[in-house]
Each structure stands twice: as structure tokens, then as C-alpha cells.
Amino acid sequence: MVRNSQDLKNETTLWELFRNGEESAFSALFELTSDKLYRYGTKFVSDEESVKDCIQELFIKLYENRQQLPALSNPLFYLFSSLKNLLIDMIRHNQRMVYISPEELPFHVQFAFGQEEDEEPDESIKARFEEVLSLLSDRQKEAIYLRFQAEMSYDEISQLLGINNQSARNIVHRAMEKIRSCLNMDTLIILFLSSLN
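The rules behind each value
Residues numbered from 1 in each chain as written. Predicted model: local features only at pLDDT ≥ 70, side-chain atom pairs only at ≥ 80, totals over all residues. Heavy atoms only, no water. Helix = DSSP H or I, 4+ residues; strand = E, 2+ residues; numbered from the N terminus. Buried < 20%, exposed > 50% of the residue type's maximum accessible area, 1.4 Å probe, protein only. Areas by Shrake-Rupley, 256 points an atom, 1.4 Å probe, with all protein chains shown as cover. Core = buried A, V, L, I, M, F, W, Y, C linked by side-chain atoms within 4.5 Å. Domains from an automatic or database assignment. Contact = heavy atoms within 4.5 Å. Axes fitted to C-alpha atoms, helices over the stretch in contact; angles between N-to-C directions. Parallel < 35°, antiparallel > 145°, perpendicular 65-115°, else oblique. pLDDT = per-residue confidence, 0-100. Polar contact = N/O pair within 3.5 Å; in protein donor to acceptor, adjacent residues only side chain to side chain. Phe/Tyr/Trp six-rings, centres within 6.5 Å; stacked < 30°, edge-to-face > 60°. Lys NZ or Arg CZ within 6 Å of the ring centre and 35° of its normal. Expected span 1.5 Å × (residues − 1).

**What about the overall build of the protein?**
- Within the protein, the secondary structure is distributed over nine helices and zero strands.
- For the protein, the succession of helices and strands along the chain, N to C, is α-α-α-α-α-α-α-α-α.
- By the burial criterion, 44% of the 197 residues in the protein qualify as buried.
- Total accessible area on the protein is roughly 10900 Å²; 48% of this is exposed by carbon and sulfur atoms.

**Focus on the nonpolar core**
- Counting residues in each nonpolar core, the largest one holds 49 residues, and the members touching the most others are F59 and F80.
- When contributions to this core are tallied by element, the ones reaching two or more residues are α1 (5-19), α2 (23-41), α3 (48-64), α4 (75-94), α5 (123-134), α6 (138-149), α7 (154-161) and α8 (165-182).
- Among the elements that make up this core, the one with the highest residue count is α4 (nine residues).
- Lining this core are residues from two domains, each supplying at least three of them: domain 1 (9-93) and domain 2 (121-193).
- Setting aside its immediate chain neighbours within four residues, F80 contacts K36, L37, Y40, Y145, L146, A150, M152 and L160.

**Thoughts on the environment of T13**
- Summarising the element assignment, T13 is placed in helix α1.
- Owing to a relative accessible area of 37%, T13 belongs among the partly exposed residues under this scheme.
- Separated by 16 residues in sequence, T13 and L29 place their C-alpha atoms 9.3 Å apart.

**Side note on the packing of α7 against α8**
- Viewed as axis vectors pointing N to C, α7 and α8 meet at an angle of 95 degrees, and their least axial separation amounts to 8 Å. Comparing their axes, α8 and α7 come out roughly perpendicular. Two secondary-structure elements touch here, α7 through Y154, D155, I157, S158 and L161 and α8 through N165, A168, R169, I171 and V172.

**Details of the confidence of the model for the protein**
- Across the protein, pLDDT averages 79, with 73% of residues at or above 70.
- Mean pLDDT values over the elements of the protein span from 51, in helix α9 (residues 185-195), up to 95, in α3.
- Overall, residues 111-118 carries pLDDT values under 50, and its contacts beyond four positions in sequence, including any with other chains, amount to 16 contacts.

**Concerning the environment of I157**
- Mapping I157 onto the fold places it in helix α7.
- A sequence separation of 13 residues divides I157 from I144, and the C-alpha atoms of the two residues are 9.3 Å apart.
- Leaving out residues up to four positions away in the same chain, I157 has contacts with A143, L146, R147, M152 and A168.

**Focus on the side chain of K84**
- Considering the arrangement of structural elements, one finds K84 in helix α4.
- Note on K84: relative accessible area 3%, which makes it buried.
- Among the polar contacts made by the side chain of K84, one reaches the side chain of E142 at a distance of 2.9 Å.

**Thoughts on the packing of aromatic side chains**
- For the structure shown, the criterion picks out nine aromatic pairs.
- Ring centres of F26 and F59 lie 5.9 Å apart, and the angle between their planes is 65 degrees; on these two criteria the pair is classed as edge-to-face. One end of the pair, F26, is in helix α2; the other, F59, is in helix α3, with 33 residues separating them in the sequence.
- Exposure remark for F59: the relative accessible area of 3% places this residue in the buried category.
- Positioned above the aromatic ring of Y63, the side-chain terminus of R66 is 3.9 Å from the ring centre.

**Regarding α3**
- Relative to the 24 Å expected for 17 residues at 1.5 Å per residue, α3 spans 24 Å between its end C-alpha atoms, a close match to the ideal helical length.
- Where α3 begins, the side chain of D47 points an oxygen toward the backbone nitrogen of E49, at a separation of 3.2 Å.

**Section: unusual backbone geometry**
- Backbone geometry at E151 places phi at a positive 55 degrees, although glycine is not the residue there.
- Along the chain, the position of E151 falls in the loop between α6 and α7.

Written out as C-alpha cells, the structure reads:
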């Protein structure tokens, strides 16, 4: 799945306007990206307030350093990477300087159907899906989230995970093979992609 070019253009345009000093672009960029950042951040840290604090800190740093920010073709990738680093720093600080590497950072995917709010999910399918998710490593879950939910390229995934491009492709491929071996394709399409919100 390719990133929506209109979204990318809007994020890129807003980023450039912000870099060039347009104040309204800063708040518009926050509005456009904060929900995506929040969903990504809560995959690592269950404390929602801490994630919100890190997002706020990220945007404060962006504002303070706006004149030194680079031109970007995909600002969301830059924001995801920056948020992940802030979350790692926060975890290290809370653990009193115990080192945690990006590879050790847990990635939590919550099960959710794309059904109506008053509609109950099929418990047997839900249990099967959660069983399949438990077979994936945190890095596989994150790679699939980045590829299919955040719609990032393999180059971007490789940078976020600190691996080369081929390794990023391999992680996604192996994870999808593992999922396909346990779920039929219709179930995969309906359940898996909707669960990554």
C-alpha cells in the first residue's frame, strides 16, 4: 500500500511553510500528525499521558529549532523517528539510566475489529488473531505497522528499526508469511490491518 500522495503533500507543504516561518503551518502540522504520532507512541508505552508529553516535547523542540530543520520529503517519518527517540530517553530516565536499545523497545498491538461500536466481535476469530499476533516479535509487529498502517517505505522502516533495507523487507515478508500460514487471506485483510489502529 502506498502512502496517500495528498496526505504526504500536505505534510510536506506544511513542513516547508513551518521551516520558512509561517506560524499557522506549525499548528496545522501538529493537527495533521498528532493523532498518528499518538497511535504510534502508544504501541511502545501504555502510559498515554507520557506519550502526549513526549509529543508535546517534540513539537516544542521543533519550534525552538525550526530554522535548523532539514527539508524533508516525508516529515511523518522524521516525526516518528524523533518521537521514538524521546520515548526511549523517557524509558531510560524512568529506569534510572538502565540502557535500553531500540531493539529492546516493546511494541504492543491491540486487537480491534473494524466493526460498528455496538457490534460484538466473533470471540473465536479474535482469540485466533491474538494467538497469531503473539507469534510475531515486537520488531515484526512494528515493521508491519509502519508498512501497512503508517504506509512507510522500506527505506524509512529500515532507518526507524536501525537495519538495512533488505532486512526490513525480510522482517515484513517473514511476518506476513507467519500470519498467512495461520489465517486465510480474507480474515487477514479484514482483521489484521484494522487491528493496527
